[in-house]
Each structure stands twice: as C-alpha cells, then as structure tokens.
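Listed below are the residues making up each chain.
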Amino acid sequence: MGADVGATKGRPAFHSLSAEDVPALVQDGDPGRFVMALLRAERSRRMLLLRAFLDRVRQDKPAEAATVTQAWDLLERAQRVVPEFVEEILMSPGTGVWVSSALRRLTEGVSGQIPLWVVTGRLSALAVAAATRARLPFAMEVPLHRGTVSLPGLGCARFQELGGKSWASAHAVGQEGALRVTAADVEVHVEPEWHRPTPDWLPTRRLTVGERTSALHLVLEEHDPYRMFSSPRAPRFLHPAEDRVWRSSLDDAWNILMRDDPVVAEEFRCGPLLSLAPTDAREKFRPFSSSAGEAFGGISASLPDSPTQLAATLVHEFQHIKLGALIHLEPLLRRADNANDQIELFYAPWRDDPRPLEGMIQGIYAFFGMANFWRGHRRNNPASLLADFEFALCRNQVWTTLKDVGRHHRLTPLGRRLMCLLGERCEAWAAEEVSRTGMYLAHEVATDHRARWRAHHLRPSQQAVDEAVSAWKRGDSHPPTLLAAAPRSVPDSGAVCLDTAATLARHTIDDPEGRWVLRAEDQVSGTGPADVLLALGERSAARPVLLEQLGADKPPAAAWPLLGRALADDLAQGEVSRFLLNFPERIRAVHEALNAAGLEHGDPLRLAAWLAKGR
C-alpha cells in the first residue's frame, strides 16, 4: 500500500488545485473533475497517514509492533486479491478518523481512556475484514467493544457484553471466506455469504438509491466505532422501521437533489462511497448533522422530518466535506500571528455561540450550498413558501457574514478568491424576487437571532455601565456617551436555542391552520408564550407578557430583543424598538446593575427609552 505521490524527473509530484478547478467551488465548471481531484488528494493523504502510523508503532511501541505488522502484511495480501474492497475500507470515513486520532496519540505521547492496544488493534479489524472478503486464511486478535466486533465494510459480530467491560479482545479466524470470531468461549460463525444477517452477525447495510444510470451508492453505518467522528462509540443498530424510513427518505431525497441541485448530485456520484451514520430523531425542524475534515465522505445525521430536509442536510454537510478536503490541499487562512487573532470571535447567524474565523469560513460555504439548494427547490416548487423563506434566509445569512469576514487580513489568496466568488454569486441572487411573506419571515427571524446573540454574548465596559447607573440615579436626560462604545465579546455558555424564531416560523409555514400552537412550548425547546405570540404576529398581545418578565430581578436575556419585536409596529415606540433590537446588550447590562445596586428602575420601557437616547 502506498501513496499516490508520483515522481517527475526524480522529484515528487504533489496534488494541487488548478485555476480551472477554482470556479467549481461555487458550482461553475466541471464538478466531477473537481471532486475527483479532491478524492485523489485525500487518498494520498490517507495512505501517508497509515504509513506514518505503521512507522511510529514500529519505532516507539514494541509491544504493539508485532500485531500491527502482522495486520499490515495481511492487508497487503488482501489488496492483491480484492483491491477495490481494500480501497473502500481504507478510504472509509471511520478509517480516516481512527488513523488521524491514533497518530496524534502516538506522536504526542499522551495516555487516553482507551487502551493503546485497542487503538492500534483497529488495523487488525481492517485486515480481518479485507482478508475475509479475499477468502484468505488468517488468525488474528481484534478489539471487542461492548460486546461487538466491528469489521469495516463487512459487518459486525455481536456477543453479550462480557463482565461489564467496555473493551476486550476477540480471536478471529478465517478460511475460504468463512469467519469465526471467538470471545470468552462464545463463538460467532459467519458463512462465506457474509452479506446475510443472522442473530449474531449484522452485515454492513448498503443502499443504492435512484435510477440505475444516476444511482448513488452509500452505506448506513451502524457499527464503526469512529462513525461519529469522535471517540469510539458503541454500535447503534437500526430498528426495521427506522431502516424503512431511511431507505425511503434517502431515495426521495436523492430524486429531489437530482432535480433541484443537479451539480451537487453529480459531485456526490463522482465522490467517495458515501457513509451516513444515523442518529435518533430530534425536534422537528431542528435536525442534527455533522461531518469532519478527517472523515472524507462521511456524514452523521438524525432521522429526517422529510426528504426535502434530508436533501438540504446532505448538501450542507457535503459542502463541509469538500471544503475540508480543499484545506488539506491549500489553506484558506494564514495562521494567527498574535494573541488578538487567536481569540477573535464573530457572529455566525446559524450558531448559538461566537465562532472563530475558521468556523466562519466553513459556515459561509455550507450555507452558500444551502441557499443554492433552496433556490433550485423553489424554482421547481414555485408555490412553496418554505422554499422562499429558506432561500431568503440563507441568502441573507451568507451575504451579511461575507461582509463581516470576506476581506479579513488572514485570508490567503485562495481564501480571498473563494470569498469573492461567493460574494459575486450572492450579489446576483439578491436581484431574485421572493414572496412578500417569505421575505418578511426571513427578515424577522434574522433580526431576532442577531439580537438574541448580542444580548447573550456582548457586554459594554464596566465603566460604561457604572456611569450609566450613576446617570440614571442623578436623573440625567441622556445616558453617558461611553455606553455607545463598541462592546466586549463575553461568550455566554448558557446561550441556547437562539434559533427559536426560525423554528417557529417553519412551524407556521408547515401548519398554517395553527395546530402547532397547542404543543409549541412543550415540543420546541426555548419557547415561551411571547415567542408563540410573536410567531403568530400578535405583537400587542406579547407586550404585557414580556413586560411582566422584565419586571423580575433576573429576566431572560431574550426578553429584551423580544420586546423590541413586540414594539415594532408601534409608531410611538419605534426608536425604542430599534434600540432593543440593535443594542440589547446595553439595557441588559444596565438593568442587571440597577437591580444589583437595589435602585428603582420602574417601567422597563422607561429605562429603554432613556437608553435609546444615547444611540
């Protein structure tokens, strides 16, 4: 096994991104050529990591070296017989996560909760899977995790958990394609027809979706310990009903992608074997999904609400996957060169928490893909209010964030070029008309999210707050000018569910008759009575609810921006509304300081009107 790093006149040939490939980053050009270039580079990188792992074990870990060398030799033998299958398991997302984390542990010399023999023994599991498929004879020890032995690309042997231990060892023996795995005198026997399930053997769940000429092949990954891109996890086996939902949803989602986003669909088909690790269903309109730079081609996702949601999720995560592979080829950002760069955080309209520049670039690219998907979806579903709303929202999120970081001094030439291309595309999209309701909802929820974020994560200086308290106590006509200075970033770990307005907007679109209202506070986390009233457009009814909340000693941070929304249609309170939506951090800090000092502040609207004079 070796890396695809060739030589020209005695010099190594390195992978690189050509000028022709750059437009493909924004779906302009040859998508197949671009993704195949990324795949070739990722393969070379994966092979180099595997070789570095082998060399490091042989050099520094003599206790594990013999087993690792035996597994490596078996993999090489299997590669000569079934090269396609060995390629598949070596390039699987779980293998990428494993070898990267294993190499970091070996290089950094740190101990972990998982025994080292288990970490290095993962190579044995890869070798056993490959040798079984190649019908080679072998005998090898493999790790057993919570009663299961995971053989990537092949399947999973299931035992009862042994004495409550998380990790143990099993003995695997292969002959003519038959496999026997033994642990604590219990044996699992797998016939050469390994794709047939038995009570103690679950083969890898492979799917083909779509028509033959445009089919997508993927794996529903249930047992790879590294399928969630973090520390090893026990298997999560799908129930038959879940399996049916996933198969149906993926088939429908693929058809939607082929119709609404054909360029990305072609990228999927040209890319690696896609692995999708299912997780439990989440709240409606709040799906979970993730990917990782070391897991090229791998996605983890919760059970979808609908095929359209799943299609959008696949686009979102595939954007992350492509960008992660691109960054392995050429960086988009220069290293932070001083302390200020290292702690610089930004507002991301799709997150609860402040994000570093690296996360901002990833988010911009992912949500650009989402905007493009919803743009195509609404073109083919012109009556869809949801598509209008999602397109308008994503378009706005990407455009405003590009204005914040698109010219950052840490961007490399490639990073600046990418931001420029994204900006040009978003600028062209700005001319596309969206329904009045879709635009209204997108603006409403974007304003709400940003205001909530500011209320949680920004803070005026303590001197400014102290001066404001003194000015209020004296009865000054205006707050101090210092309060209008740029606030500090003080991340609030308690900031959650800042997307509540967006989630409720989706409920109103999905259920215009309003049945969702009856279950909103129980089924939509972070939702209170005022959130529901504002989602229904009942601003005047929300005001007394919010004023009562704000009369408490420690009102929720979100109550201030929510009051700003509730006052938005009151002409007499327009200045106060704009202040609460643009600078909620000021009134939150002053209100808390007044309460702490035991000073009377009376009606929250009176305090807000006074502070608004300082804009």
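Cut-offs used in this document
- Residue positions are counted from 1 within each chain, in the order its sequence is given.
- Restriction of local features to residues with pLDDT of at least 70 applies here, the model being predicted, together with a cutoff of 80 or more for giving and counting side-chain atom pairs; totals for whole chains, interfaces and linings are based on all residues.
- The basis for every side-chain value is the complete set of heavy atoms in the structure, and neither hydrogens nor water enter the calculation.
- What counts as a helix is a DSSP run of H or I of at least four residues, what counts as a strand is a run of E of at least two, and both are numbered from the N terminus.
- Here the expected length of a helix is defined as 1.5 Å per residue gap, with one fewer gap than residues.
- Buried, partly exposed and exposed residues are distinguished by accessible area as a fraction of the type maximum, computed with a 1.4 Å probe on protein chains only: under 20%, between the cut-offs, and over 50%, respectively.
- Only heavy atoms matter for contacts: two residues are in contact if any of them lie within 4.5 Å across the pair.
- When DSSP finds at least two bridges between two strands, those strands are taken to pair.
- The rule is simple: put a 1 Å grid over the protein atoms alone, call a set of points where a 1.4 Å probe fits but cannot get out a cavity, call an open set with protein on both sides within 12 Å along at least five of seven lines a pocket, and count a residue as lining if it has an atom within 4 Å of a point.
- Grid points are joined across faces, edges and corners, and a volume is the space filled by probe spheres set on the points.
- Two aromatic rings from Phe, Tyr or Trp, using only the six-membered ring of Trp, form a pair when their centres are within 6.5 Å; if the ring planes differ by under 30 degrees the pair is stacked, by over 60 it is edge-to-face, and anything between is tilted.
- Counting as a charge over the ring demands two things of the Lys NZ or Arg CZ atom: a distance within 6 Å of the ring centre and an angle within 35 degrees of the ring normal.
- Side-chain atoms within 4.5 Å are what join buried Ala, Val, Leu, Ile, Met, Phe, Trp, Tyr and Cys residues into a set we call a nonpolar core.
- In this analysis, axes come from line fits to C-alpha atoms, helices being fitted only over the stretch in contact, and the angle between any two N-to-C directions falls in the range 0 to 180 degrees.
- Here roughly perpendicular refers to angles of 65 to 115 degrees, roughly parallel to angles under 35, roughly antiparallel to angles over 145, and oblique to all remaining angles.
- In this scheme the crossing of two helices becomes right-handed for a clockwise turn of the near helix relative to the far one and left-handed for an anticlockwise turn of less than a right angle.
- Under the convention adopted here, Pro, Cys and the residues Ala, Val, Leu, Ile, Met, Phe, Trp and Tyr are nonpolar, Asp, Glu, Lys and Arg are charged, and Gly plus all remaining residues are polar.

*Asks:* Just checking my understanding: could you explain helix 2 (residues 62-81) for this structure?
*Replies:* For the α-helix, the turn length of 3.6 residues means that residues three or four positions removed from each other point alike. Between its terminal C-alpha atoms helix 2 stretches 30 Å, which fits the 28 Å expected from 20 residues at 1.5 Å a residue. Along helix 2, the residues that are buried comprise E64, A65, V68, A71, W72, L74, L75 and A78. In this structure, the buried residues of helix 2 make contact with helix 1 (31-60), helix 3 (83-90), helix 5 (116-133) and strand 3 (138-145).

*Asks:* Where do I start with unusual backbone geometry in this structure?
*Replies:* Glycine aside, a negative phi is what most residues show, and trans is what most peptide bonds show. Here R135, not a glycine, exhibits a phi torsion of approximately 60°, which is positive. Here R135 lies in the loop between helix 5 and strand 3. The phi torsion at E176 lies on the positive side, around 55°, for a residue other than glycine. Mapped onto the secondary structure, E176 falls in the loop between strand 6 (167-175) and strand 7 (178-183). Note on E176: relative accessible area 48%, which makes it partly exposed.

*Asks:* For this particular structure, what's the right way to read the pairing of strand 3?
*Replies:* Each regular strand carries side chains that alternate between the two faces of the sheet. Burial runs high along strand 3: 6 of the 8 residues are buried. Where strand 3 and strand 6 come together, 8 bridges link them in antiparallel fashion. The residue bridging P143 from the neighbouring strand is S169, located in strand 6.

*Asks:* Explain empty space enclosed by the protein here, please?
*Replies:* A probe matching the size of a water molecule, rolled over the atoms, marks out where space remains unfilled. Across all of its chains, the model carries 4 cavities of 30 Å³ or more by this definition. Estimates place the volume of the largest cavity at around 130 Å³. In terms of lining residues, the largest cavity is bounded by 15 residues, among which R122, P143, H145, W167 and P225 are the most central. Listed by contribution, the elements that provide at least two residues to the lining of the largest cavity are helix 5, strand 3 and strand 4 (148-151).

*Asks:* Please explain the packing of aromatic side chains as it appears in this structure.
*Replies:* Geometrically, a pair of aromatic rings is defined through the distance of the ring centres and the angle of the planes. On inspection of all chains with the given rule, the structure shows 10 aromatic pairs. Geometrically, the ring pair formed by F53 and W98 is edge-to-face, given 5.0 Å between the ring centres and 70° between the ring planes. Here the residue F53 occupies a position in helix 1, and W98 occupies one in helix 4 (residues 93-108), the gap between them amounting to 45 residues. Both rings, one in F391 and one in W429, keep their centres 6.1 Å apart while their planes meet at 65°; by these two values the pair is edge-to-face. Separated by 38 residues along the polypeptide, F391 in helix 11 (residues 385-405) and W429 in helix 12 (residues 413-429) bring together distant segments of the chain. When the ring centre of F237 is taken as reference, the NZ or CZ atom of R158 above it lies at 4.7 Å.

*Asks:* I keep staring at the nonpolar core and nothing clicks. Help me out?
*Replies:* The nonpolar side chains of a soluble globular protein tend to be buried, and buried together. Among the nonpolar cores identified, the biggest contains 84 residues, and W246, L250, L257, F268 and L422 are the most heavily contacted of them. The element contributing the most residues to this core is helix 10 (residues 357-380), with 12 residues. Not counting chain neighbours up to four residues away, the residues in contact with L250 comprise L207, V209, L218, L220, L276, L310 and L314. L49, V57, L136 and A170 belong to the second largest nonpolar core, which has 61 residues in total.

*Asks:* I would appreciate a short explanation of the sheet that holds strand 11 (residues 216-220) in the present structure.
*Replies:* Spatially, the 5 strands line up as an open sheet ordered 10-11-12-14-13, and their pairing is mixed. The strands lining the two open edges of the sheet, one partner per strand, are strand 10 (205-209) and strand 13 (289-290). Of the strand pairs in this sheet, strand 13 and strand 14 (residues 298-302) are connected by 2 bridges, and their pairing is antiparallel. Note on strand 14: the bridge partner recorded for S290 is S300.

*Asks:* How should I be thinking about the packing of helix 2 against helix 5 in this particular structure?
*Replies:* Think of two packed helices as two axes; the pair is described by the angle between the axes and how far apart they sit. Two numbers describe how helix 2 lies on helix 5: the axes approach to 8 Å, and their chain directions differ by 20°. Viewed along their axes, helix 2 and helix 5 adopt a mutual orientation that is roughly parallel. Considering how the two elements wind past one another, helix 2 and helix 5 form a crossing that is left-handed. Between helix 2, through E64, T67, V68, A71, W72, L74, L75 and A78, and helix 5, the contact on the second element is made entirely by L116, W117, T120, L123, S124, L126, A127, A130 and A131. Residues belonging to the contact of helix 2 with helix 5 are distributed by class as follows: 13 nonpolar, 3 polar and 1 charged.

*Asks:* How do you make sense of the pairing of strand 5 (residues 155-158) when you look at a structure like this?
*Replies:* Sheet topology places strand 4 next to strand 5; 4 bridges connect them, and they run antiparallel. The partner of L151 across the bridge, within strand 5, is G155. Here strand 4 folds back onto strand 5 in antiparallel fashion, the turn holding 3 residues, of which G153 has a positive phi close to 80°. Looking at chain direction, strand 5 and strand 9 (residues 201-203) are connected through 3 bridges and run antiparallel. Looking at strand 9, one finds that G155 is bridged to P203.

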